[in-house]
Amino acid sequence: MNITPLRRLRRLRSSEVMRDLLRESHLLLNDLIHPIFIEEQIDQVVPISTLPGINRIPEGCLADEVKQLYALGIRYVMPFGISHTKDAQGSDTWNDNGLLARMVKTIKSAVPEMMVIPDICFCEYTDHGHCGVMQNNKVCNDITVENLVKQSVTAAKAGADMLAPSAMMDGQVKAIRLGLDAAGFQDVAILAHSAKFASSFYGPFRAAVDSELSGDRKGYQLVFWSSTTGHLTL
Ligand SMILES: NCC(=O)CCC(=O)O
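Residues numbered from 1 in each chain as written. Predicted model: local features only at pLDDT ≥ 70, side-chain atom pairs only at ≥ 80, totals over all residues. Heavy atoms only, no water.

The protein chain has the name Delta-aminolevulinic acid dehydratase in an unreviewed UniProt entry, where Shewanella psychrophila is given as its organism. Comment text from UniProt for the protein chain, heading Pathway (unreviewed entry), reads "Porphyrin-containing compound metabolism; protoporphyrin-IX biosynthesis; coproporphyrinogen-III from 5-aminolevulinate: step 1/4." Word for word, the UniProt comment on the protein chain under Sequence similarities (unreviewed entry) is "Belongs to the ALAD family." (UniProt positions renumbered as here; feature names shortened; annotations may be inferred.)

Quick look at the overall build of the protein chain now. Check the secondary structure of the protein chain and you find seven helices and 10 strands. A buried classification covers 41% of the 234 residues belonging to the protein chain. Restricting the contact set of the protein chain to residue pairs at least 6 apart, pairs at least 24 apart contribute 72%. Accessible surface for the protein chain amounts to roughly 13300 Å². Of this, 55% is attributable to carbon and sulfur atoms. Positive and negative side-chain charges in the protein chain, numbering 23 and 26 respectively, have mean positions lying 11 Å apart. (Helix = DSSP H or I, 4+ residues; strand = E, 2+ residues; numbered from the N terminus. Buried < 20%, exposed > 50% of the residue type's maximum accessible area, 1.4 Å probe, protein only. Contact = heavy atoms within 4.5 Å. Areas by Shrake-Rupley, 256 points an atom, 1.4 Å probe, with all protein chains shown as cover. Lys, Arg positive; Asp, Glu negative; His and termini not counted. Charge placed at Lys NZ, Arg CZ, Asp CG, Glu CD.)

This brings us to unusual backbone geometry. Unusually for a residue other than glycine, Asn 137 sits at a positive phi of about 65 degrees. Examined against the element boundaries, Asn 137 turns out to sit in the loop between strand E7 (134-135) and strand E8 (138-139). The class for Asn 137 is exposed, based on a relative accessible area of 75%. Backbone geometry at Asp 210 places phi at a positive 60 degrees, although glycine is not the residue there. With respect to the helices, strands and loops of the structure, Asp 210 is situated in the loop between helix H6 (203-208) and helix H7 (227-233). By relative accessible area, which is 38% here, Asp 210 ends up partly exposed.

Looking now at the pairing of strand E3 (residues 55-58). Pairing geometry for strand E1 (residues 34-39) and E3, over three bridges, is parallel. Paired with Ile 38 across the two strands is Ile 57, which belongs to E3. As judged from the two bridges shared by strand E2 (residues 46-47) and E3, these two strands associate in the antiparallel manner. Residue pairing in the sheet places Val 46 in a bridge with Arg 56 of E3. (Pairing = 2+ DSSP bridges.)

Here we come to the environment of Ile 57. By secondary structure assignment, the location of Ile 57 is in strand E3. Separated by 13 residues in the primary sequence, Ile 57 and Gln 44 have C-alpha atoms spaced 7.5 Å apart. With near-sequence residues (within four places) excluded, Ile 57 lies in contact with Phe 37, Ile 38, Glu 39, Leu 62 and Glu 65.

With that settled, consider the sheet that holds strand E4 (residues 76-82). Pairing within the open sheet is mixed, and its five strands lie in the order E2-E3-E1-E4-E5. Looking at strand neighbours, the two that pair on one side only are E2 and strand E5 (115-116), the edges of this open sheet. Contacting E1, E3 and E4, helix H2 (residues 62-71) crosses the sheet at an angle of about 165 degrees to E1. With respect to the sheet, helix H3 (residues 99-110) is in contact with E1, E4 and E5, its orientation differing from that of E4 by roughly 145 degrees. (Axes fitted to C-alpha atoms, helices over the stretch in contact; angles between N-to-C directions.)

Spelled out as structure tokens, the structure:
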């Protein structure tokens, strides 16, 4: 029996130069979005113990930080606010002078070419840490979606180029698209975090943003043992 293979695919990875020729995937700086954590009412950077090497940046240092990032070739930033102005709804997010609007304005005026893609959610701005308005111990979907639209229009007015809604409310992307279009922001894009799983991997992030959450988000983020609801949610 002749067992000599005719199809010798190892030929195609036999040398560095051959592997380079056949490369189909490239990871470039422009494939990445840089998250930045901005805290209001502080003067010094705060190291984030759960994300070694990453700091919370005082709001007053944001312009310089963004200029440095741009000089390194970074073209996309996702600002996350660490709020000292929390309430039950996260209403600071739809205040034209609130932290979210200020972050976006500061970044765009420091480096107009930097694309700003703010997180659109409430968990950093609510005094209970959930991603929306609580009613009877649950996050109320439709009121939260209304508030997400207000937040989105505020971010767009402040100059955001793209919005990243992450609250995992049903219908949020459609409502935000309609709200943006009605307010004249047809060119503001949406980067939907459409399939987020309730996961301990968010632990470091929650510490980074000083989340007030106790409990979990299993009532709105996906459960990992049902791929059907995952696909439907997408
Ligand atoms: N707005 C960001 C998040 O929702 C993070 C996810 C989490 O803490 O579960």
